Amino acid sequence: MTALDDKINERFPGLVVRKDLVKAVKGNAIVPSYVLEFLLGQYCATNDEASIQSGIETVKEILRKHYVHRNEAGLIRSNIREKGRWKVIDKISVDLNTDKDAYEATFANLGIKKVIIDSDTVKTHPKLLVSGVWCIADVEYEHSEDKNVSPWILGSIKPIQLSKFDYGAYLESRAGFTTEEWIDLLFQTVGFEPEMFGRRSKLLQLMRLVPFVERNYNVIELGPKGTGKSHIFSEFSPHGILISGGEVTVPKLFVNNSSGKIGLVGYWDVVAFDEFAGRQKRVDKALVDIMKNYMANKSFSRGVETLGAEASMVFVGNTKHNVPYMLKHGDLFEELPEKYYDSAFIDRLHTYVPGWEIDVIRGEMFASGYGFVVDYLAEILRHMRNDDYSNRYQGLFTLSSAISTRDRDGVNKTFSGMMKLLFPADNATEAEVEEILHLAMEGRKRVKDQLLRIDNTYPETDFSFTAHAGRKIDVKTLEETEYPQYYHKRATGHEDPTSEGAKDIDSASVSPAAQRAVEPMAEPIGPRDGHKVFSENQKGVTFADLFWPWIEGATKIVITDPYIRMFHQMRNLMEFIEMIAVRKAPEDEVAVRLITCLDETYPEKQQANLIAVENASATAGINFSWEFDGTKTIHARHIVSDAGWKISLDRGLDIFQKFEMNDAFNLANRQQAYRQVKAFEVTYLRTELESI
């Protein structure tokens, strides 16, 4: 257990569970994670290993005896008949039989129908009437000679969700965590290992929780397959429902005019549309029109009557092309079904989560530490839907006056949701408020910038905000920074020569990797002093672009970096050597010296790796050597060469996020340009040759 796991158990006793236990008990049960964690929360919400193992066996026994597998439904029905009563875990839905004036339950896996259920239970749990709810129920069997009477009797029913919680205690316990610890706790709760992701990636994935904590929030996430886009909406909360985008109808989603039955938006906090992308999908135009009205006004019409609802709308789908292709040939909404590819619909989206920034989920990315029992957090988030945190930045920052009301609403709702998630007690620092506000504005800007391409009647907007000290923060999306040559803001043929999007690209602001993609090829530029800032999750960054123009022709290079210890840091060093080897003339020799600190935990391994680097370098005419700083006081990281340059690095060579190093078929393993980077900065300074 980590120190964070200890703190989680100390601050939230009985409300957290080890996340790898879900896999341990699930087996072949096709059941949502929140159902399993409901049981684990009752028997395994502890850090005592013996109690955990005992609890796992108890939960397994409960599932073995009472969870209904479809292929064993006949056996369970027989058990009920022979024993008279049996407890089952199943998904139960209810319909009103108007002929009998009675509510009747249907058990999805058990395969029984027309089970009488009393009206008080239905009133207490109205979601039983829409799509069904996972429950623990006692079912009885009583044979009757009357063929019109069902032999099945519902003895008791308990939906699998938390009955009560202490919100004040939740806020009090939150105060015991740093922001980073709290982010990691939430991240482990949704099932992922924090160490495998950078801060921006964590925040982007936690944005998927905003619909649960914010009413009438409209969000879209498009990206590659396998990034976990729909996981939260199918597994995380009993208050959300995931449906196939192709299966929804007006009666199912909003209201059935013939029966008067309210649809999904009236019963669920979150309605998520899976597999939403696909240009060829058939979509009912009437559905799109009603949805646009609902997303804008929180209401929909039923004949002459207008009804309101609070459900947030989530749209997730896969993209066929990478980001530069979409930006060059179309836009980031190109995969939407034709009838949804409509500026009025798109403008009603509060944010666009960039799914392409999130790695494809691998086995080692799943959490093994402690997180909330998801049902507990789901109830907390539902409780906070009553709160509004959208004004929490106004004492510190002011949005640009050019931002429209709809843009402002999108920014405010995303900001409010993220603040509720991360700072429910309103204890964020100014820097943290700025970070969340920037992320919220970026999400809405991604929507608006693509709208400019789709519909030329939309005006350009200044997405910026100002600190009360007068400092202006201009907001850019990451893809705007990565691919400036393709990030025009008007449809092809409609560029305004005076607009920001049509200005000539300043070659100094574009990385050489990006310049190589410009058509025609940009003229190469020589090294010059300056400062570069790189955003977390940015791609296309290589050592060759960062360093080679400033060390080309050098015969002596000194790298000062106190942290060349772990395997990935050694690999970065070797890739720096490799960059020199493939670019220098074969007959030239270069001396590379490393100044670092001794790894006191594994000194032999560190020196063995450095010797391996030395031997490999010698074959390419590179004389590599190293020394350990005995004072243990070096902190600055930089590269100095006799080519006349000093390159200051705030992260040293350790600029890349974690990636799969053992996968020979992973491009990120073989090419630096395909890796995501951490946030880092580089400064280039001219020096005297004698300095080394």
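Scroll up to find the structure this text is about.
Description of the structure in this document.

Quick notes on the rules
- Residues numbered from 1 in each chain as written.
- Predicted model: local features only at pLDDT ≥ 70, side-chain atom pairs only at ≥ 80, totals over all residues.
- Heavy atoms only, no water.
- Helix = DSSP H or I, 4+ residues; strand = E, 2+ residues; numbered from the N terminus.
- Rg over C-alpha atoms; globule rule 2.2 N^0.38 Å.
- Contact = heavy atoms within 4.5 Å.
- Areas by Shrake-Rupley, 256 points an atom, 1.4 Å probe, with all protein chains shown as cover.
- Lys, Arg positive; Asp, Glu negative; His and termini not counted.
- Charge placed at Lys NZ, Arg CZ, Asp CG, Glu CD.
- Axes fitted to C-alpha atoms, helices over the stretch in contact; angles between N-to-C directions.
- Parallel < 35°, antiparallel > 145°, perpendicular 65-115°, else oblique.
- Left-handed = near helix turned anticlockwise from the far one by under 90°.
- Pairing = 2+ DSSP bridges.
- Polar contact = N/O pair within 3.5 Å; in protein donor to acceptor, adjacent residues only side chain to side chain.
- Expected span 1.5 Å × (residues − 1).
- Buried < 20%, exposed > 50% of the residue type's maximum accessible area, 1.4 Å probe, protein only.
- Arc of directions from axis to C-beta.

Some thoughts on the overall build of the chain
Stage number 1. Secondary structure assignment for the chain yields 24 helices and 24 strands.
Stage number 2. Computed over the C-alpha atoms, the radius of gyration of the chain is 29 Å, within 12% of the 26 Å expected from 2.2 N^0.38 for a compact globule of 692 residues.
Stage number 3. Taking the principal axes of the C-alpha coordinates as reference, the chain spans close to 105 × 65 × 45 Å.
Stage number 4. In the chain, the proportion of contacts linking residues at least 24 apart, taken out of those at least 6 apart, comes to 74%.
Stage number 5. Surface exposure of the chain reaches about 31300 Å², of which carbon and sulfur atoms provide 48%.
Stage number 6. For the chain, the distance from the average position of its 84 positive side-chain charges to the average position of its 101 negative side-chain charges is 4 Å.

Section: the packing of helix α3 (residues 33-43) against helix α4 (residues 49-66)
Stage number 1. Across the interface, α3 lies against α4 with an axial gap of 9 Å and an inter-helix angle of 135°. With respect to their mutual orientation, α3 and α4 come out oblique. At the point where α3 passes α4, the crossing takes the right-handed sense. Residues L36, L39, L40 and Y43 of α3 touch α4, and the partners they reach there are S51, G55, T58, V59, I62 and L63.

Some details on the pairing of strand β16 (residues 464-467)
Stage number 1. Bridge count between strand β15 (residues 397-399) and β16: 3 bridges; the pairing is antiparallel. Within β16, the position partnered with L399 by the bridge is F465.
Stage number 2. By the bridge criterion, 3 bridges tie β16 to strand β17 (residues 472-474) in an arrangement that is antiparallel. Each bridged residue has a counterpart across the sheet, and for T466 the counterpart in β17 is K472.
Stage number 3. Between β16 and β17, which pair antiparallel and follow one another directly, the connecting turn spans 4 residues, one of which, G470, has a positive phi of 105°.

Considerations on the sheet that holds strand β23 (residues 645-649)
Stage number 1. With mixed pairing, the 7 strands of this open sheet are ordered in space as β18-β24-β23-β22-β19-β20-β21. For this open sheet the edge positions go to β18 (530-534) and β21 (622-628), each flanked by a neighbour on one side alone. Strand after strand, the sheet turns through a mean of 15° between neighbouring axes, direction not considered.
Stage number 2. Two elements, β23 and strand β24 (residues 680-686), share 5 bridges in a ladder whose sense is antiparallel. Residue pairing across strands places K646 opposite L685, the latter belonging to β24.
Stage number 3. Lying over the sheet, helix α22 (residues 567-583) contacts β19 (556-560), β20 (590-596), β21 and β22 (637-641), oriented at roughly 150° with respect to β21.
Stage number 4. Across the sheet, helix α23 (residues 603-618) touches β20 and β21, and the angle it forms with β21 is around 160°.

A look at the side chain of T227
Stage number 1. Residue placement: T227 occurs in the loop between β7 (218-223) and α11 (231-235).
Stage number 2. A distance of 3.4 Å separates a polar side-chain atom of T227 from the backbone oxygen of P224.
Stage number 3. Other than its neighbours up to four places away in sequence, T227 contacts R208, G355, I358, D359, V360 and I361.

Notes on helix α18 (residues 430-454)
Stage number 1. Helix length check: α18 (25 residues) gives 36 Å between terminal C-alpha atoms against 36 Å at 1.5 Å per residue, within 8%.
Stage number 2. Within α18, 20 of the 25 residues are buried, leaving the element largely enclosed by the surrounding structure.

Digging into the environment of Q606
Stage number 1. Structurally, Q606 can be placed in helix α23.
Stage number 2. Expressed as a C-alpha distance, the spacing of Q606 and G27, which sit 579 residues apart in the sequence, is 42 Å.
Stage number 3. If near-sequence neighbours (up to four positions away) are discounted, Q606 is found in contact with I564, R565, M570, T596, C597, L598, D599 and F628.

Here's the deal with helix α7 (residues 167-174)
Stage number 1. Listing the buried residues of α7 in full gives Y167, Y170, S173 and R174. Buried residues of α7 fall within an arc of 125° about the axis and therefore sit on the same side.
Stage number 2. Those residues of α7 hidden inside the fold are in contact with α1 (3-11), α8 (179-189), β14 (370-372), α16 (374-384) and α17 (405-422).

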